Amino acid sequence: MVDEQISLSGESIDVTPHPRLLAVLGDIEFAPWQCLAELIDNAFDDFLSSPPKDVSPRVAISLPSRDSDHRDAQVWVSDNGRGMSLEHLNNALSAGWSSNARYGKLGLFGMGFNIATARLGNTTKVRTTRAGDPEWVTVTLDLQRMASRDNFLVPVIREPKDDPAEHGTQVIVSDLRQEQHDLLSRQQSKIRDLLGDVYSYLLRDRHFSLLVDSKAVRALLPCVWGEERFVVQRGEKYPAYIEINKELTPLKACHSCGRWQDLTARECEECGSTDLEERERRITGWLGIQRYSHKSDFGIDFLRNGRKILVRDVRLFAWEDPNEPGARPEVEYPIEVPYEGRIVGEIHIDHVRVNYQKNAFEYNTVEWKHVARTLRGEGPLRPNIARVAGYPTNESPIGRLFTGYRRLDPGLKCLVPGDGSHAIHEKAREWSKLFRKGEPDYQDDHIWYEAAKQHDEPKVIVPPEASDTLADGDGDARNRLDIPEPTDSQPEQGDPTPPRETEDQKQERYRQSGSVLHDVSGDYALPGFGNALKVTVYAIANTEVTDTNGERVPVYVQQQRGSDVHVFVDFDHALFTEFGGDPREYAVLGIAEHIRDRRGSHQGLSSIIAELKDRCLPDQKLTPSALGAQAHALLDRVRVIMRPVIAGNSEGFWAYVVEAEQAAAEQRFAQKGLDTDWQQARESGDWILYASSAALSRLIQQRPGEFLDGRVFRASYSSFTDNHARALTVNRLIGYLNDAGQLAEHQTRRRPDELNRGKLSCRLLEAELVDIEEVSP
């Protein structure tokens, strides 16, 4: 049967590789996903140049199973592109000659194809057909056999087609290398995610389809703030999303070597080729701010013809002084505790050359350097460093994002979700995972925005003062108790009684009037307590919360349909307004009680709460390390705001610092490994950025009038004529500052009440600080 369907035509094609391929074929390292990407690129090239009209562009990859043997295993890559003629196939498989121009294509179907297939296995079969062709054209490349012979002629096999309208190309790699097989057969999910990242633009915006083992590859979508979001720093508006669209001067591109030529050139200055083509050159895309911060998941994606060459690249966040040859680039972002970044972007630079592995651009070219200048400017991002180096303020796109969003202070000021006391970075990252899973509620940025907004709002709504209540005590009491106003006439006999509010109506009223506390809402699950609960916590104000018996309660927990649970917290309840209880703490207590009762468990409530907090609320941990990081960031902010005052008389203020603290500041400066001179830091006042908390306290005690009255701290000082009143003000601030210093600089084991005191001191110190934009330049 097989012999009847397949005929040997007697034809052959010459696929002799160029000598340079033989020299590099075994040396270039390609990860398994990179090998697959090379084969995908050639299919996507075809889609970009001529999209299929009858079907959606699709590439399907089949990988070997986990229990397969590498000698029998195969890798299949199939597309529904146009297919190739025999001549095109011959050119495509000639390793030293590529049918794809150096610009305008993803693939380098000679060089890249042979490197990728040789890395995967020893034998490669290519089958291709065009719509209307009566047969498949198939060739098989056995590298070991070809290398042992004197010629590289490969026989052509023609196989009849069942459907003449069928079109596309299949690449089948067999006799896999052991190490490649082991990775491919065990990393399907990881490979799927990597490809979804690298090809996210083509999958998302060009609607290409990519499957791995019959499962669709999902594009990794950027989780960024909306185009309408912005912050205001020093009275200037900084948008969270910046569109990039810079048109460059058109030039001629050499299809042979890839070098750009002047429009008047007739032949390439590099290789002498006359195969030149005038092409448009443009830098397009966007830069923006991610809705969450991360230690490594940030940076700029650089794309060439739709494929990411650099993924979350951070090289433009470092500055290298051109006046100091050989100097190491100095990282400028992120430099704020907790050293997490959130500047991201997607930049298309089709005109910049890449290496054969497609994991780097040619950075020494004029084209790449122009891209770098366009996006981040010439000078440093940090204003102080720029001024010292003789550069103006950096107003480049990256420079503006740096200025507006370098800090991670919770609230709308920096667009950082918080819970009223500190940033909830971990929660924000959890929400990003729901965004990428496609959860509808997390597709736009409203949940992140509401959490940032709620951080700026009071946690507890304090009732009016007693004096205000006395003005209309009877009427206010009637309103709170829902008693109607008295009337002169009695209702007529037989008037219908208003219908009583149902439980569902009451809860809907709570939901409509309340606001969601995102920092304590989310999935709650414990081992041994059944499936996870999807909990939504509502803050209720100006409305009394009652249980099923009509009794007013501080927290009311109700199971909804399925796994949904709604928690209603009465922020006006005396437990919070008079006894200082934390509404969020009692919300968690209610959730824990609900979980225990739902399961009929006898486990202690306190142990359930402890486990819930550990597993579901990591941002609320009260540990020396967590509080130490917060205190460290706060003290850095104090130093930055103090610096303009110090710069006014740097040496004078330096003289107030005792010798041991001076030495400690100099040592911290040395540890940073900065290129600037210590003496210059002494003269400019930058030394304050490295001073200890004890040194800060000493300066404030010695010269309080320089730092209070709204210059660094909001507290009044000079308006007091009584020395004792002045001392009370200064001592209060020094107490807060010393507590913060203990947390930041001495992270020893502490009792919970000590940690709570430190946390409160940090909160009070932060409230005393003026905003940076309020400080006079």
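Owing to the predicted nature of the structure, the values given are computational and were not obtained by experimental measurement.

Calculation notes
Residues numbered from 1 in each chain as written. Predicted model: local features only at pLDDT ≥ 70, side-chain atom pairs only at ≥ 80, totals over all residues. Heavy atoms only, no water. Helix = DSSP H or I, 4+ residues; strand = E, 2+ residues; numbered from the N terminus. Buried < 20%, exposed > 50% of the residue type's maximum accessible area, 1.4 Å probe, protein only. Areas by Shrake-Rupley, 256 points an atom, 1.4 Å probe, with all protein chains shown as cover. Contact = heavy atoms within 4.5 Å. Core = buried A, V, L, I, M, F, W, Y, C linked by side-chain atoms within 4.5 Å. Pairing = 2+ DSSP bridges. Axes fitted to C-alpha atoms, helices over the stretch in contact; angles between N-to-C directions. Parallel < 35°, antiparallel > 145°, perpendicular 65-115°, else oblique. Left-handed = near helix turned anticlockwise from the far one by under 90°. Nonpolar A, V, L, I, M, F, W, Y, C, P; charged D, E, K, R; others polar. Arc of directions from axis to C-beta. Expected span 1.5 Å × (residues − 1). Bend = angle between axes of the 7 residues up to and from the residue. Phe/Tyr/Trp six-rings, centres within 6.5 Å; stacked < 30°, edge-to-face > 60°. Lys NZ or Arg CZ within 6 Å of the ring centre and 35° of its normal. Patch = residues over 30% accessible without salt bridge, like charges linked within 9 Å, V, L, I, M, F, W, Y side chains within 5 Å. Salt bridge = Lys/Arg side-chain N within 4 Å of Asp/Glu carboxyl O. Lys, Arg positive; Asp, Glu negative; His and termini not counted. Charge placed at Lys NZ, Arg CZ, Asp CG, Glu CD.

Draft legend 1. Broad picture of the overall build of the chain. Along its length, the chain carries 28 helices and 24 strands. Expressed as a percentage of its 777 residues, the buried residues of the chain come to 48%. For the chain, the accessible surface area stands at approximately 38700 Å², while carbon and sulfur atoms represent 48% of it.

Draft legend 2. Representation of the environment of isoleucine 608 in the model. Considering the arrangement of structural elements, one finds isoleucine 608 in helix 20 (residues 605–616). C-alpha separation for the pair isoleucine 608 and alanine 592, spaced 16 residues apart in sequence, amounts to 6.0 Å. Setting aside chain neighbours within four positions, we find isoleucine 608 in contact with Leu526, Phe529, Ala592, Arg596 and Gln603.

Draft legend 3. How the structure looks around the nonpolar core. Residues Val59, Ile61, Leu195, Tyr199 and Leu210 are the most contacted members of the largest nonpolar core, which totals 48 residues. For this core, the leading source of residues is helix 3 (residues 32–49), giving 8 residues. Beyond its immediate stretch of four places on either side in the chain, tyrosine 199 contacts Ala37, Ile40, Asp41, Phe44, Leu210 and Arg307. Core analysis: the second largest hydrophobic core is formed by 47 residues, Cys223, Ile343, Trp368 and Leu375 among them.

Draft legend 4. Main features of the pairing of strand 16 (residues 307–313). Extensive coverage of strand 16 is indicated by the burial of 5 of its 7 residues. Pairing of strand 15 (residues 299–304) with strand 16 involves 4 bridges; the strand directions are antiparallel. Across the sheet, arginine 304 pairs through a bridge with arginine 307, a residue of strand 16. Hairpin remark: strand 15 followed by strand 16, antiparallel, with 2 residues in the connecting loop; positive phi at asparagine 305, about 50°.

Draft legend 5. The packing of helix 27 (residues 723–745) against helix 28 (residues 752–768), seen in detail. Contact geometry of helix 27 with helix 28 gives a least axis separation of 8 Å together with a crossing angle of 125°. By the angle between their axes, helix 27 is oblique relative to helix 28. Here helix 27 runs over helix 28; the crossing is left-handed. Two secondary-structure elements touch here, helix 27 through Arg732, Leu733, Tyr736, Leu737, Asp739, Ala740 and Leu743 and helix 28 through Leu755, Arg757, Gly758, Lys759, Ser761, Cys762, Leu764, Leu765 and Glu768. A per-class count over the contact of helix 27 with helix 28 returns 9 nonpolar, 2 polar and 5 charged.

Draft legend 6. Layout of helix 14 (residues 446–456). Taken as a whole, helix 14 has its buried residues at Ile447, Trp448, Ala451, Ala452, Gln454 and His455. Down the axis of helix 14, the buried set is contained in an arc of 165°. They therefore lie on one face. Elements in contact with the buried residues of helix 14: strand 14 (276–294), helix 13 (425–436) and strand 20 (515–516).

Draft legend 7. Layout of helix 21 (residues 624–647). End to end, helix 21 covers 33 Å across 24 residues, agreeing with the expected 34 Å (1.5 Å per residue, within 8%). The sharpest bend along helix 21 comes to roughly 30°, located at isoleucine 641, with the proline proline 644 sitting one to four residues further on.

Draft legend 8. Representation of the packing of aromatic side chains in the model. Following the criterion strictly, the structure yields 24 aromatic pairs and no others. Ring geometry for phenylalanine 298 versus phenylalanine 317: centroids 6.2 Å apart, planes at 10°, classification stacked. One end of the pair, phenylalanine 298, is in the loop between strand 14 and strand 15; the other, phenylalanine 317, is in the loop between strand 16 and strand 17 (318–319), and 19 residues separate them in sequence. Here phenylalanine 298 falls in the buried class, since its relative accessible area comes to 5%. Put simply, the rings of Trp654, Phe669, Trp678, Trp687 and Tyr690 touch in pairs and so form one group of aromatic residues. The ring of phenylalanine 230 has lysine 237 lying over it, and the distance from NZ or CZ to the ring centre is 4.3 Å.

Draft legend 9. Region of the structure containing the sheet that holds strand 13 (residues 260–261). Read from one edge to the other, the open sheet built from 6 strands follows the order 13-12-14-19-15-16, with strand pairing classed as mixed. The sheet terminates laterally at strand 13 and strand 16, the two strands that pair on one side only. Here 12 bridges tie strand 12 (residues 241–254) to strand 14, and the two strands are oriented antiparallel to one another. Directly across from asparagine 245, in strand 14, lies its bridge partner threonine 284.

Draft legend 10. Structural view of the pairing of strand 22 (residues 533–540). Counting buried residues along strand 22, 7 of its 8 residues qualify, which places the element largely inside the surrounding structure. In the sheet, strand 20 pairs with strand 22 via 2 bridges, with the strands oriented antiparallel. Bridging across to strand 22, valine 516 finds its partner in tyrosine 538. Across 3 bridges, the pairing between strand 21 (residues 522–524) and strand 22 is antiparallel. In the sheet register, tyrosine 524 faces strand 22, and the bridge partner there is leucine 533.

Draft legend 11. A look at a negative patch on the surface. Taken together, the side chains of Glu439, Asp441, Asp444 and Asp523 present a region of like negative charge at the surface. Mapped onto the elements, aspartate 441 comes out in the loop between helix 13 and helix 14. On the basis of relative accessibility, which here comes to 47%, the residue aspartate 441 falls in the partly exposed class.

It is worth stressing that arrangement in space is one thing and function is another; only the former is reported here.
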